[in-house]
Protein chains: 2
Amino acid sequence: MRLVIARCSVDYAGRLAAHLPLATRLLMVKGDGSLLVHSDGGSYKPLNWMSPPCTLTTLEPDDDQRAAGIVELWKVVHQKTADQLIVSIHEVLHDSSHELGIDPGLQKDGVEAHLQKLLAEQIELLGDGHRLVRREYMTAIGPVDILATDASGASVAVELKRRGDIDGVEQLTRYLELMNRDPHLAPVTGVFAAQEIKPQARTLAEDRGIRCLVLDYDAMRGVDDGHSRLF
Amino acid sequence: MRLVIARCSVDYAGRLAAHLPLATRLLMVKGDGSLLVHSDGGSYKPLNWMSPPCTLTTLEPDDDQRAAGIVELWKVVHQKTADQLIVSIHEVLHDSSHELGIDPGLQKDGVEAHLQKLLAEQIELLGDGHRLVRREYMTAIGPVDILATDASGASVAVELKRRGDIDGVEQLTRYLELMNRDPHLAPVTGVFAAQEIKPQARTLAEDRGIRCLVLDYDAMRGVDDGHSRLF
DNA sequence: ACCTCCATGTCGGAC
DNA sequence: GTCCGACGTGGAGGT
């Protein structure tokens with residue numbers, strides 16, 4: 001990885017056109033030739049970047065560019081989309097290279113998959129008498145997160161989200177529409193379960209007869225593994 | 001901005017839990033105290049990070065940690081969510097600080113707004129006899145991108161996307177459902193216009209009687225400003 | 001390779 | 001402030 005601090009301007013042409021006026025920034029060149037342009041603020045997203053696979057070439061500035069103060073030009077071109085990023089460097093303030101090696105990668109825990117596993121184990125959270133049929137119940141248009149039956153034996157399709165948004169309600173609606181055409185399953189009711197449900201999503205869901213269920217992840221994890229919270 | 005290359009392991013606890021095993025990485029500390037952990041590959045997203053507003057504190061490792069090879073501990077805590085990131089540093093290979101100043105920011109050009117402007121100007125792309133009523137026609141559930149009338153004078157609602165996905169069809173469907181309840185507007189037909197329309201989105205749209213229209217951004221820009229393509 | 005959906009999404013605008 | 005939709009969304013996982 002090469003780290004360059006430079007006064008530079010940047011131009012991107014690709015899916016859109018964008019320009020960064022002259023200022024001091026960090027240019028991070030990764031081992032695969034990809035480039036990130038970071039300022040000293042904002043969040044993790046760079047001001048501008050080129051994703052791999054791409055190639056970085058250094059150009060000599062022509063006379064006009066040199067007269068404008070440009071001492072070095074970087075051209076980064078994406079190998080498939082032909083998107084390009086031009087970095088016009090006016091002054092290099094720092095330049096260092098470092099050998100990092102291959103990263104073992106991130107280990108995650110606590111995403112939707114985990115929530116699904118917990119809800120499947122604690123299916124009675126849907127209401128008394130509910131039983132799990134199966135997780136990831138496959139339909140023609142994709143898997144329903146959880147299929148269960150209620151106390152009367154009727155089918156219940158559960159759409160699970162960390163944050164319950166309108167998209168999730170639409171997704172569940174499509175599943176319900178399809179499943180209710182299947183005489184083996186119909187009638188199927190819907191439950192929209194999430195750690196947090198946005199008001200508009202709740203309104204839309206209830207308008208369509210879909211029940212909303214707010215899940216307490218910490219409590220569910222606590223039931224699953226009591227000692228993990230005692231520290 | 002401070003740049004540190006270090007052998008380190010990282011633990012995140014917040015919306016989920018995540019762990020990075022010991023390896024050599026870049027630690028980027030921004031002026032606002034936020035931290036990015038980058039490897040020498042992947043794309044622009046860091047392996048792990050903490051967004052502002054947050055505070056970074058350096059801790060002394062205890063005896064056990066020191067015996068495990070940890071020479072420095074960084075603790076970054078988000079000020080609102082209390083999410084935290086712990087960086088256990090085993091070896092510092094590089095450490096430099098740089099004054100970047102405030103960035104003037106990115107100037108963008110060519111997104112959906114531009115496409116909307118062009119389609120409004122070239123409304124006949126919808127079909128002969130079409131006339132623009134207005135852009136961003138406001139309804140109770142949000143603005144319809146373009147409202148027009150067809151040759152017979154009937155209303156046409158246009159949903160515009162760069163990439164035409166199922167989401168966009170659902171959005172337009174909600175608008176049409178609402179607008180068709182308004183006797184002043186009904187009957188309203190729908191047009192789903194995008195630079196690229198995904199097959200499943202097209203199927204869903206046509207199944208609902210929504211017409212699909214693929215837009216050629218370059219051609220539309222060419223009509224709008226002929227000289228801009230002659231270079 | 002295409003298509004789908006998740007994301008510690010992030011970001012900007014409207015209300 | 002909250003809510004909502006766009007994004008150069010990126011990335012993983014299934015068909």
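Residues numbered from 1 in each chain as written. Chains lettered and ligands numbered in written order. Predicted model: local features only at pLDDT ≥ 70, side-chain atom pairs only at ≥ 80, totals over all residues. Heavy atoms only, no water.

## Let's talk about the packing of helix α3 (residues 166-179) of chain A against helix α4 (residues 199-207) of chain A
Residue and element names in this part refer to chain A.
Part 1: Contact pair α3 / α4: the axes reach a minimum separation of 8 Å and the direction vectors enclose 20°. When the interaxial angle is binned, α3 and α4 end up roughly parallel. Crossing handedness for the pair α3 and α4: right-handed. Within the contact between the two elements, α3 uses Ile166, Val169 and Glu170 and α4 uses Gln200, Ala201, Leu204 and Ala205.
Part 2: Considered class by class, the residues forming the contact of α3 with α4 number five nonpolar, one polar and one charged. (Axes fitted to C-alpha atoms, helices over the stretch in contact; angles between N-to-C directions. Helix = DSSP H or I, 4+ residues; strand = E, 2+ residues; numbered from the N terminus. Parallel < 35°, antiparallel > 145°, perpendicular 65-115°, else oblique. Left-handed = near helix turned anticlockwise from the far one by under 90°. Contact = heavy atoms within 4.5 Å. Nonpolar A, V, L, I, M, F, W, Y, C, P; charged D, E, K, R; others polar.)

## Section: the domain arrangement of chain A
As a measure of interface size, the accessible area lost when the parts come together is often cited.
Part 1: Structurally, chain A comprises domain 1 (2-97) and domain 2 (112-229).
Part 2: For domain 1 of chain A and domain 2 of chain A, the distance between their C-alpha centres works out to 46 Å. (Domains from an automatic or database assignment.)

## Observations concerning the interface of chain B and chain A
Part 1: Between chain B and chain A, the contact holds 55 residues from the first and 55 residues from the second.
Part 2: Taken over both partners, the interface formed by chain B and chain A buries close to 4600 Å², and the fraction arising from carbon and sulfur atoms is 60%.
Part 3: Three residues stand out in chain B for area buried against chain A, namely Asp40, Tyr44 and Leu100 of chain B, and they jointly supply 16% of the buried area on that side.
Part 4: Our count for the contact surface shared by chain B and chain A stands at four salt bridges.
Part 5: Between Glu170 of chain A and Arg174 of chain B there is a salt bridge, and its shortest N-O distance comes to 2.4 Å.
Part 6: Taken together, the connections running from chain B to chain A amount to 18 residue pairs in polar contact (both at pLDDT 80 or more).
Part 7: Elements that contribute at least two residues to the side of chain B that touches chain A include exactly β1 (2-13), β2 (17-29), β3 (35-38), β4 (48-50), β7 (84-97), β8 (107-109) and α3 (166-179) of chain B.
Part 8: The residue inventory of the side of chain B that touches chain A, partitioned by class, reads 24 nonpolar, 18 polar and 13 charged.
Part 9: Examined bridge by bridge, strand β8 (residues 107-109) of chain A and β2 of chain B share three bridges and lie antiparallel to one another. Paired with Asp109 of chain A across the strands is Ala17 of chain B, a residue of β2 of chain B. (Buried area = accessible area lost by both parts, 1.4 Å probe. Salt bridge = Lys/Arg side-chain N within 4 Å of Asp/Glu carboxyl O. Polar contact = N/O pair within 3.5 Å; in protein donor to acceptor, adjacent residues only side chain to side chain. Pairing = 2+ DSSP bridges.)

## Topic: the sheet that holds strand β11 (residues 155-164) of chain B
Residue and element names in this part refer to chain B.
Part 1: With respect to topology, five strands assemble into an open sheet ordered β9-β10-β11-β12-β13, the strand pairing being mixed. Strands at the two margins of the open sheet, each flanked by one partner only, are β9 (131-139) and β13 (211-214). Neighbour-to-neighbour, the strand axes of this sheet turn through a mean angle of 30°, independent of strand direction.

## Points about the side chain of Ser34 of chain A
Part 1: Along the chain, Ser34 of chain A falls in the loop between β2 (17-29) and β3 (35-38).
Part 2: Of note is the side chain of Ser34 of chain A, whose polar atom sits 2.7 Å from the side chain of Asp32 of chain A.
Part 3: For Ser34 of chain A, the contacting residues outside a window of four places in its chain are Met28, Val29, Met50, Ser51, Pro52 and Cys54 of chain A together with Gly42 of chain B.

## With respect to the protein's contact with DNA strand C
Part 1: Surrounding DNA strand C, one finds 21 residues, the nearest of these being Lys108, Lys161 and Arg162 of chain A together with Asn48 and Gln200 of chain B.
Part 2: Here the atoms of DNA strand C within 4 Å of the protein split so that 81% fall in sugar or phosphate, with bases taking the remainder.
Part 3: Take Lys108 of chain A: an N or O atom from its side chain is 2.8 Å from a phosphate oxygen of DNA strand C.
Part 4: Within the backbone of Trp49 of chain B, a nitrogen or oxygen atom sits 3.3 Å from a base oxygen of DNA strand C.
Part 5: Put simply, the parts of the chain that give the surface near DNA strand C at least two residues each are β11 (155-164) and α3 of chain A together with β4 and α4 (199-207) of chain B.
Part 6: With three residues, the single largest contributor to the surface near DNA strand C is β11 of chain A.
Part 7: Its residues assigned to classes, the surface near DNA strand C comprises seven nonpolar, five polar and nine charged. (Near = heavy atom within 4 Å.)

## Observations concerning the protein's contact with DNA strand D
Part 1: The environment of DNA strand D is formed by 17 residues, the closest being Asn48 and Gln200 of chain A together with Ser43, Lys161 and Arg162 of chain B.
Part 2: Put simply, 74% of the atoms of DNA strand D that lie within 4 Å of the protein are in sugar or phosphate.
Part 3: One of the side-chain N or O atoms of Arg15 of chain A is found 3.2 Å from a sugar or linking oxygen in DNA strand D.
Part 4: The separation between a phosphate oxygen of DNA strand D and a polar side-chain atom of Lys161 of chain B is 2.3 Å.

## Here we look at the packing of α3 of chain A against α3 of chain B
Part 1: For the pair α3 of chain A and α3 of chain B, the least separation of the axes is 11 Å and the interaxial angle reads 90°. As judged from the angle between their axes, α3 of chain A and α3 of chain B are roughly perpendicular. Across from Ile166, Asp167, Glu170 and Arg174 of chain A in α3 of chain A, the residues of α3 of chain B making contact are Ile166, Asp167, Glu170 and Arg174 of chain B.
Part 2: Among the residues forming the contact of α3 of chain A with α3 of chain B, the class breakdown is two nonpolar, no polar and six charged.

## Overview of the pattern of salt bridges
Residues and elements named next belong to chain A.
Part 1: Overall, the coordinates contain 24 salt bridges over all chains when judged by the stated rule.
Part 2: Arg15 serves as the salt-bridge partner of Asp83, at 3.8 Å between the closest nitrogen and oxygen. One end of the pair, Asp83, is in the loop between β6 (72-78) and β7 (84-97); the other, Arg15, is in the loop between β1 (2-13) and β2, with 68 residues separating them in the sequence.
Part 3: Under the relative-accessibility criterion, Asp83 is labelled buried at 6%.
Part 4: Judged by relative accessible area, Arg15 falls into the exposed class, the value being 61%. (Buried < 20%, exposed > 50% of the residue type's maximum accessible area, 1.4 Å probe, protein only.)

## What to know about the state of the cysteines
Residue and element names in this part refer to chain A.
Part 1: Under the criterion given, the structure shown has zero disulfides over all chains.
Part 2: Between Cys8, a free cysteine, and Cys54, which holds the nearest cysteine sulfur, the sulfur-to-sulfur gap is 16 Å.
Part 3: Judged by relative accessible area, Cys8 falls into the buried class, the value being 0%.
Part 4: Its relative accessible area of 4% is what places Cys54 among the buried residues. (Disulfide = S-S within 2.5 Å.)

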